[in-house]
Structures are given as structure tokens and as C-alpha cells.
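Take a look at the letters that make up each chain.
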Amino acid sequence: MSKDNYYNELMQHIVKESGEDGLSAFNIVDIVMSSIIFLEHLTHIPGSEKKDMLIKVLNAFVDEHMQGKPQVDMIKGVIEFSVPVLIDVIISLDKGKIKIHNLSFLKKICLCC
């Protein structure tokens, strides 16, 4: 199967998962997580390419399905700045690289600790 087919399948997945309201601050984390799980079976595609594909499909989804909605700019910002970090954190948690109960984890991400 070609990468275009994977792209289209991922788009269909996001359309289904997002429902009529599209992407929002309330559902984007769940949609990113379900999309990562959806892409998991593509073992022949490197993780960095899956990450890029997911970000491109999320942006395309907003462009194609959310025109005129007031939250478009906010969602685009979340996709650009937060989703890449979110993907990395989810993958690190899955691989056991981050231990939530470990305070040093908080010190790495929070300047206040």
C-alpha cells in the first residue's frame, strides 16, 4: 500500500474520531492518541515519518473540514506547537522512558521545580 493510501486512511480515521464538531481543545489529545495507535501497524514506516504524516493530516483535516469555525487558528497553533511534543511524550511513555512517579521528570519539563 502506498503512503497516499495510508494518508487517506488516517484522514478517514480522524474524520470518524472527531465527529461533527471537528478538532477541539477537548478532543485533540484523544484523537492524537487514537491516531498513533492507528498508525502502529505500519512497522515498515519510521516513527518520524508517521509523526510527520499525522501532523500533515491534522492540518489538512482543519483546512478541509473546519473552514469558518472560530477555533481554527487556535487548533492550527496546537497542531504546530503542541502536537509534535505530545506525540513524543506519548511514545516515550509507551516505551517506558518516562516514569510519572519520578520527580526528576517534572524538573526536566517545568522550570518552577
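Residues numbered from 1 in each chain as written. Predicted model: local features only at pLDDT ≥ 70, side-chain atom pairs only at ≥ 80, totals over all residues. Heavy atoms only, no water.

A.B. asks: Can you lay out the overall build of the protein chain for me, pointing to particular residues and giving the numbers?
C.D. replies: Counting its secondary structure elements, the protein chain contains five helices and zero strands. Its helices and strands in sequence order give the protein chain the pattern α-α-α-α-α, from N to C terminus. Per-residue burial for the protein chain yields a buried fraction of 35% across its 113 residues. Taking as baseline every contact in the protein chain between residues at least 6 positions apart, the subset at least 24 positions apart corresponds to 66%. For the protein chain, the exposed surface amounts to about 7400 Å²; the carbon and sulfur share of it is 57%. (Helix = DSSP H or I, 4+ residues; strand = E, 2+ residues; numbered from the N terminus. Buried < 20%, exposed > 50% of the residue type's maximum accessible area, 1.4 Å probe, protein only. Contact = heavy atoms within 4.5 Å. Areas by Shrake-Rupley, 256 points an atom, 1.4 Å probe, with all protein chains shown as cover.)

A.B. asks: Help me get a handle on a nonpolar patch on the surface, residues and values and all.
C.D. replies: Where nonpolar side chains cluster on the molecular surface, the patch consists of V85, V89 and L93 and spans about 210 Å² of accessible area. Take V89: it is sitting in helix 4 (residues 72-94). Classification of V89 as partly exposed rests on a relative accessible area of 31%. (Patch = residues over 30% accessible without salt bridge, like charges linked within 9 Å, V, L, I, M, F, W, Y side chains within 5 Å. Salt bridge = Lys/Arg side-chain N within 4 Å of Asp/Glu carboxyl O.)

A.B. asks: Account for helix 3 (residues 47-65), naming residues and giving values.
C.D. replies: Here helix 3 spans 26 Å end to end across 19 residues, near enough to the 27 Å set by a 1.5 Å rise per residue. Restricting attention to buried positions, one finds in helix 3 the residues K50, M53, L54, I55, V57, L58, A60, F61 and V62. Along its buried surface, helix 3 packs onto helix 1 (3-18), helix 2 (28-39) and helix 4. (Expected span 1.5 Å × (residues − 1).)

A.B. asks: Before we move on, can you summarise helix 2 with the specific residues and values?
C.D. replies: Spanning twelve residues, helix 2 covers 16 Å between terminal C-alpha atoms, matching the ideal 16 Å at 1.5 Å per step. Contacts made by the buried residues of helix 2 are with helix 1, helix 3 and helix 4.

A.B. asks: Lay out the confidence of the model for the protein chain in plain terms, naming residues and giving numbers.
C.D. replies: Of all residues in the protein chain, 86% have pLDDT values of 70 or greater, and the mean over the chain is 88. Here helix 5 (residues 103-109) stands out as the least confident element of the protein chain, with mean pLDDT 56; helix 3 is the most confident, with 97. (pLDDT = per-residue confidence, 0-100.)

A.B. asks: An account of the nonpolar core is needed here, citing residue identities and associated values.
C.D. replies: Ranked by internal contacts, the top residues of the largest apolar core, which has 27 residues, are I14, L23, V32, L54, L58, I79 and V83. Those elements that place two or more of their residues in this core are helix 1, helix 2, helix 3 and helix 4. With eight residues, helix 3 is the largest single contributor of residues to this core. (Core = buried A, V, L, I, M, F, W, Y, C linked by side-chain atoms within 4.5 Å.)

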